[in-house]
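# Secondary and tertiary structure notes
The residues making up each chain are set out below.
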Amino acid sequence: MKVISTPLAMRAWTDWVKKKNQSVGFVPTMGALHAGHASLISRAKKENDKVVVSVFVNPAQFGPHEDFSRYPRPFKEDQKLCASLGVDALYHPSPENIYPQGYRSFVNVEGLSDLWCGRFRPGHFRGVATVVLKLLQTVSPDRAYFGEKDYQQLMIIRRMARDLNLPQRIVGCLTLREKDGLAMSSRNQYLSSIERAQAAILYRSLNRAAKKIKSGEAVLRALSSARREILSIPQSKIDYIALIDGESLEEIQTPRPGARIISAIWIGKTRLIDNVELGTVPIS
Ligand code: AMP
């Protein structure tokens, strides 16, 4: 596995692969890789001749009081995992490689970026869209893989790809979960063991609400119970929980195909996000 740190070397690597008429799949990450990332990498392996993973903790998507400096950076372990999964190139640029002195260009996907997480993390999606566009320009893959776990992010990137005529296919991948249902996330390691046990309530209550809505219960009522269940976790706070249209991300009051319940909550000092699609909720 080749470890690459500059945009120039990254571009040269893809050019070399393309000359051999081989396809490139790309999985952008912030590192601290877990089985959720690994599932994206495995899918990329299946669908492409070569796979590139990037590990870059993007300063532009963190607010001034967020966890940029304490975000986990276990690069050696990430490198080992990527090698064991058969990744062909690991792109690990420095912040200066991505944002050299004098950097002034940012991408804003209007509207979609101001909703939900955007309301609570101003500038977050501007940072995400900018770095993803830069990575796509540099890596120049055929397909890029993103998790549904970050549903708003996936939809913003899809919109950007369409709006800016990017040639890449943006592939959405299912959320990988721990046994108790908690969505895997690099941030789960911030949780104390007690908080970790309580965190499973988030998925369970989203799931329950989805089932209730599917079986005809009023959306407001189903979401109120979910809110109550989540707030039973000590030190918890809800940024939002809502039923949305899966495309426009606008809040809706009645279910429709592709609708999702999305949520962001805090447990102590840790912010967790999750979402479920009404259509894929397991019936028990
Ligand atoms: P991150 O390193 O958190 O920026 O995530 C990198 C990519 O992995 C994003 O496209 C995420 O949506 C995706 N991802 C993160 N957690 C999961 C998960 N539990 N299941 C599937 N994909 C995930």
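Placed above this text is the structure.
Residues numbered from 1 in each chain as written. Predicted model: local features only at pLDDT ≥ 70, side-chain atom pairs only at ≥ 80, totals over all residues. Heavy atoms only, no water.

## A closer look at the environment of Val-139
Summarising the element assignment, Val-139 is placed in helix α6 (residues 124–139). Linking Val-139 and Leu-8, residues 131 residues apart in sequence, is a C-alpha distance of 9.7 Å. In contact with Val-139, other than residues within four places in its own chain, are Met-10, Thr-14, Phe-26, Val-52 and Tyr-91. (Helix = DSSP H or I, 4+ residues; strand = E, 2+ residues; numbered from the N terminus. Contact = heavy atoms within 4.5 Å.)

## Topic: the packing of α6 against helix α7 (residues 151–163)
It is the contact of α6 with α7, at a shortest axis distance of 10 Å, that shows an interaxial angle of 55 degrees. Here α6 lies oblique to α7, going by the angle between them. Of the two possible hands of crossing, α6 and α7 adopt the one that is right-handed. Of the residues in α7, those touching α6 at Phe-125, Val-128, Ala-129, Val-132 and Leu-133 are Gln-152, Gln-153, Ile-156, Ile-157 and Met-160. (Axes fitted to C-alpha atoms, helices over the stretch in contact; angles between N-to-C directions. Parallel < 35°, antiparallel > 145°, perpendicular 65-115°, else oblique. Left-handed = near helix turned anticlockwise from the far one by under 90°.)

## Here we look at the nonpolar core
By size, the foremost hydrophobic cluster in this structure holds 43 residues, and its most contacted members are Val-52, Tyr-91, Val-132, Met-160 and Ile-170. Those elements that provide at least two residues to this core are α1 (7–19), β2 (24–29), β4 (89–91), α6, β5 (143–147), α7, β7 (236–244) and β8 (260–267). Considering every element that reaches this core, the biggest residue donor is α6, with nine residues. Three or more residues apiece are contributed to this core by two domains, here domain 1 (2–173) and domain 2 (186–274). Excluding residues that lie within four positions of it along the chain, Val-52 makes contacts with Met-10, Trp-13, Val-24, Gly-25, Phe-26, Val-27, Ala-89, Tyr-91 and Val-139. Counting residues in hydrophobic clusters, the runner-up holds 27 residues, among them Leu-182, Ala-259, Ile-267 and Leu-278. (Core = buried A, V, L, I, M, F, W, Y, C linked by side-chain atoms within 4.5 Å. Buried < 20%, exposed > 50% of the residue type's maximum accessible area, 1.4 Å probe, protein only. Domains from an automatic or database assignment.)

## Notes on the sheet that holds β4
Judged by pairing direction, the sheet is parallel, and its six strands sit side by side in the order β1-β4-β3-β2-β5-β6 without closing on themselves. Looking at strand neighbours, the two that pair on one side only are β1 (2–4) and β6 (169–173), the edges of this open sheet. Sheet twist, expressed as the average angle between the axes of neighbouring strands with direction ignored, equals 25 degrees. As judged from the three bridges shared by β1 and β4, these two strands associate in the parallel manner. Residue pairing across strands places Val-3 opposite Leu-90, the latter belonging to β4. (Pairing = 2+ DSSP bridges.)

## Brief notes about the sheet that holds β8
The sheet built from three strands is open, its strands ordered β7-β8-β9 with antiparallel pairing. A single partner strand is all that each edge strand has here, and the edge strands are β7 and β9 (270–277). The sheet shows a mean angle of 10 degrees between the axes of neighbouring strands, direction not considered. In this structure, β8 lies alongside β9, joined through eight bridges in antiparallel fashion. Bridged to Ile-267 within β9 is Thr-270. Its contacts with the sheet place helix α9 (residues 219–231) against β7 and β8, and it is angled at close to 160 degrees to β7.

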